[in-house]
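# Breakdown of the fold
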Amino acid sequence: MSFSLVSDVVTGSKFLEDKLARELDHTSHRVIKTWEHLACTKEVNAPLETRLRCKLNSENSCTLMLIDFLSVELEDKTVHDLIEALKRINRNDVVRIITDAYSGMFVQCPFL
């Protein structure tokens, strides 16, 4: 499962997409890292143009637009890449959302 593509796992579940968007879209707390931090990790490495497109679009979730970018433009991004990027920005709570949604498919690590 960890080597499944983001396009197959995340975009295939409206429930999971909504939960990720709720956690990673803008928050009122500056110390909590959001979709912007995720977009800048080496695992995601979204170009500036993509990040600006996400930021300037007021109608859609920035997180969902970033996930679409990972699914469509970076077709080879895996769930493992996404999880590693989330760990890099210290969003283990979001990692748990993904692993809980597919609990039977992940090998649980003690540090998650």
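Remember, predicted model here, so these are calculated numbers, not experimental data. (Residues numbered from 1 in each chain as written. Predicted model: local features only at pLDDT ≥ 70, side-chain atom pairs only at ≥ 80, totals over all residues. Heavy atoms only, no water.)

## A word on the nonpolar core
One broad trend across soluble globular proteins is that nonpolar side chains are buried collectively. What counts here: Buried Ala, Val, Leu, Ile, Met, Phe, Trp, Tyr and Cys residues form a nonpolar core when they are joined through side-chain atoms within 4.5 Å. Burial classes follow relative accessibility: with a 1.4 Å probe on protein chains only, a residue under 20% of its type's maximum area counts as buried, one over 50% as exposed, and anything between as partly exposed. Runs of H or I in DSSP of at least four residues are treated as helices and runs of E of at least two as strands, each being numbered from the N terminus.
Residues Val10, Leu20, Leu38, Leu66, Leu82, Leu86 and Ile98 are the most contacted members of the largest nonpolar core, which totals 29 residues. Ranked by residue count, the leading element in this core is helix H5 (residues 62–72), at six residues.

## Digging into helix H6 (residues 79–88)
At 3.6 residues per turn, the α-helix brings residues three or four places apart onto the same side. Defined as follows: Of all possible arcs, the one meant is that of the directions from the helix axis to the C-beta atoms. Residue contacts are defined here by distance: any two heavy atoms, one from each residue, within 4.5 Å place the two residues in contact.
Taken residue by residue, H6 has Val79, Leu82, Ile83, Ala85 and Leu86 as its buried positions. Seen from one end, H6 has its buried residues packed into an arc of 160 degrees, which puts them on one side. Residues of H6 that are buried sit in contact with helix H1 (6–9), helix H2 (14–24), helix H3 (35–40), H5 and helix H7 (92–101). One or two residues past the end of H6 sits Asn90, with phi positive at roughly 60 degrees.

## Thoughts on the confidence of the model for the protein chain
Inclusion rule: What pLDDT reports is the predictor's confidence in each residue, on a scale of 0 through 100.
In the predicted model, the protein chain carries a mean pLDDT of 85, and the fraction of residues at 70 or more is 89%. Per-element mean pLDDT across the protein chain ranges from 81 in H1 up to 95 in H3.

## Digging into the environment of Ala101
Along the chain, Ala101 falls in helix H7. By relative accessible area, Ala101 is classed as partly exposed at 38%. With 86 residues separating them in the primary sequence, Ala101 and Phe15 have C-alpha atoms 9.0 Å apart.

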